[in-house]
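# A closer look at the structure
Here are the chains, one letter per residue:
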Amino acid sequence: MPPTSPTPVNRDEAPPRAAVRESVRESVRAPLRERGDACPGALRLHTADDGRLARLRLPAGLLTARQAEVLADAAERLGDGHLDLTSRGNVQLRGLGRSCGAELAGLLHEAGLLPSESHERVRNIVASPLAGLDELPSADVQLWAGELDGLLCASPRAAALSGRFLFALDDGRGDVAGLGADVTLLAREDGSVVVRIGANGSGLRVTPEDAPRAALLAGETFLTVAEASGSGAWRVRELPAEYGRELEAAVRAGLTDAGIGTEYVAEAAGPGSGADPGPGPVPGADPGPGPGRGPGPGSRPEQELPIPSPGLPSPVLPGAVPSPVLASPGLPSPVPPGPVPGLVPSPDGTTALSVHARLGRLTVAQWRLLAAAANGPLRVTPWRGVIVPGVAPAAAGATLDRLRTAGLITGPGSPWHGVGACTGRPGCAKALADVRSDAAAAVSRGSGGLPVHWSGCARRCGHPQGGRWVDVVATGEGRYDISVQGEAPDTTPNATTTGPELADAVAAARTTPLTSSTR
């Protein structure tokens, strides 16, 4: 029997909604947007310059071997022969024909990848990819993800969530907690879970058994608050300030009414509260579309990326090393937290392989190699990588080497590690440059240091989350603006570069010392 929503059947009279309508004063304001969310899905395809685009939500990034083969077949027969990995651990197919929508939907249905057509775009759930696969103690976020997904699909109310609304389930290491989700479940060392709403440093402590229901109710309560605001907000951070302040109180009231016990937590930092402050917003970000805010009223074919909450400690379990550390003092922080490419010893005596895709794109042949190597479901990560579980330790090294030979990123020393790009020309009509070709040409001139993201226009689709990163934005006529973004002040002056100097300028920005002398 499918799980049921924790909120009352008569949702118009649900206590959270009634409480919000009574407690939030009415005001007249221009809506943030007046049109619906046109975010692509597996059924709602986006028309791009290189054909149609389908985005398939994969809660917690999980794919069985059979499901992986179905996607490979779809990419090969219906698309351009590639699979794109998104910043939410989802998969995109590009180059689809205009008449293939029904066939694609049939394939996905048969593989169990479309449990609810009305909810297919709201199943945005990221979870710590290495939970249970490495030596760190962890909560069972994969179990939470499955339960939350079932609750979402069983809730008629949840179908109204935007295709950009994000749930993050963090096992305590602080990886996906830094992705700026709208609702975050953060495991704590004492076995409890903190429900965090948007960028709030505070949260509500619940039991692990209640956590998935609490996350769903928080999402449903957001819808009530957003409707009351008249703003048309798709994300928590888009709510007008006074409504945003009311949201956590409304969520707590709703949890209580649903029989879920809560305890207020003033600062929802996980284990390792002495960690360095977490990532913050892009300095000087414009209120419109761009790296520091959500999208404007128009549709974005690329994956929207949220900004992590400013000034929050990064919850890291004891002994956790979220990313490789640069040996040279004064150099910028390396690639943000997430599974580092390489071998991951697992508690069951097997080895997991962590690999990344160059510029987030895999050929069908590469994808099939990954699926063939796994002994268990693949885990697609929000860092455009894949975790391959269950490899015999004696075979792990040779398997990783085969993947490297096939063109995958298998170690942090790869010059491709930390290099990202949007689709660019010729696939995107808004792009001002073939950024993927330019990024590939620049890789040979230097590597390491800060992550770098190449964008074909000022929307910066797919830019990194957490920490500092080099922002390379096409401005037309072969020119790019280069700057450093992130939670710390930009120590590199903006530069506009073209031609042979471009690669050197990007390499220099990635390794600029963290001093103010270069301002």
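A brief report on the enclosed structure follows. Predicted model, so just to flag it, every value in this text is computed and none were measured.

## Side note on the overall build of the chain
Within the chain one finds 10 helices and 21 strands. Across the chain, contacts joining residues at least 24 apart in sequence account for 68% of those joining residues at least 6 apart. Accessible surface, the chain as shown: approximately 19,600 Å² in total, 54% of it carbon and sulfur.

## Overview of helix α9 (residues 435-443)
Burial in α9 covers these residues: Val-435, Arg-436, Ala-439, Ala-442 and Val-443. An end-on view of α9 places all buried positions within 130° of arc, on one side of the element. Residues of α9 that are buried in the fold lie against β14 (361-363), β17 (419-421), β18 (452-455), β20 (479-485) and α10 (501-510).

## Comments concerning the sheet that holds strand β9 (residues 193-197)
Here six strands make up an open sheet; going across it, the order is β6-β7-β8-β9-β10-β11 and the pairing mixed. The sheet is open, and its two edges are formed by β6 (125-127) and β11 (263-265), each paired on a single side. Put simply, the sheet's adjacent strands are angled 25° from each other on average, direction ignored. Pairing between β6 and strand β7 (residues 167-170): three bridges, direction parallel. Opposite Ile-125, over in β7, you have Phe-167 as the bridge partner. Packed on one face of the sheet, helix α4 (residues 141-154) meets β6, β7, β8 (183-187) and β9 and runs near 155° to β7. In the packing of helix α5 (residues 211-229) onto the sheet, the strands contacted are β7, β8, β9 and β10 (203-206), and the crossing angle to β8 comes to about 160°.

## Brief notes about the state of the cysteines
Scanning all chains against the criterion turns up zero disulfides. Left without a disulfide partner, Cys-457 is nearest to the cysteine sulfur of Cys-461, which lies 5.8 Å away.

## Notes on the nonpolar core
With 43 residues, the main nonpolar core has Leu-161, Phe-167, Leu-169 and Phe-222 as its most contacted residues. Going through the elements one at a time, β6, α4, β7, β8, β9, β10, α5 and α6 (241-257) are the ones with two or more residues in this core. The biggest single contributor to this core is α5, with 11 residues. Look past the residues within four positions of Leu-161 in its chain and what remains in contact with it is Val-122, Leu-152, Phe-167, Gly-219, Phe-222 and Leu-223. In terms of nonpolar packing, the next biggest core, distinct from the first, is built from 42 residues, Leu-56, Leu-71, Val-388 and Leu-400 among them.

## Overview of the packing of α5 against α6
In a packed pair of helices, the relevant descriptors are the angle between the two axes and the axis-to-axis distance. Interhelical geometry of α5 versus α6 gives an angle of 135° and a closest axis separation of 9 Å. The angle between α5 and α6 places the two elements in the oblique class. Two packed elements cross with a definite hand, and for α5 against α6 that hand is right-handed. Contacts from Ala-214, Leu-217, Ala-218, Thr-221, Phe-222, Val-225, Ala-228 and Ser-229 in α5 reach Tyr-243, Leu-247, Ala-250, Val-251, Gly-254 and Leu-255 in α6.

## Side note on the pairing of strand β13 (residues 351-356)
In terms of burial, β13 is largely enclosed, as six of its six residues are buried. When strand β12 (residues 342-345) meets β13, the two strands line up antiparallel, connected through four bridges. Paired with Gly-342 across the bridge in β13 is Ser-354. Where β12 hands over to β13, the hairpin turn is made up of five residues, of which Gly-349 adopts a positive phi near 90°. Bridge count between β13 and strand β16 (residues 385-391): five bridges; the pairing is antiparallel.

Rules behind the numbers
- Residues numbered from 1 in each chain as written.
- Predicted model: local features only at pLDDT ≥ 70, side-chain atom pairs only at ≥ 80, totals over all residues.
- Heavy atoms only, no water.
- Helix = DSSP H or I, 4+ residues; strand = E, 2+ residues; numbered from the N terminus.
- Contact = heavy atoms within 4.5 Å.
- Areas by Shrake-Rupley, 256 points an atom, 1.4 Å probe, with all protein chains shown as cover.
- Buried < 20%, exposed > 50% of the residue type's maximum accessible area, 1.4 Å probe, protein only.
- Arc of directions from axis to C-beta.
- Pairing = 2+ DSSP bridges.
- Axes fitted to C-alpha atoms, helices over the stretch in contact; angles between N-to-C directions.
- Disulfide = S-S within 2.5 Å.
- Core = buried A, V, L, I, M, F, W, Y, C linked by side-chain atoms within 4.5 Å.
- Parallel < 35°, antiparallel > 145°, perpendicular 65-115°, else oblique.
- Left-handed = near helix turned anticlockwise from the far one by under 90°.

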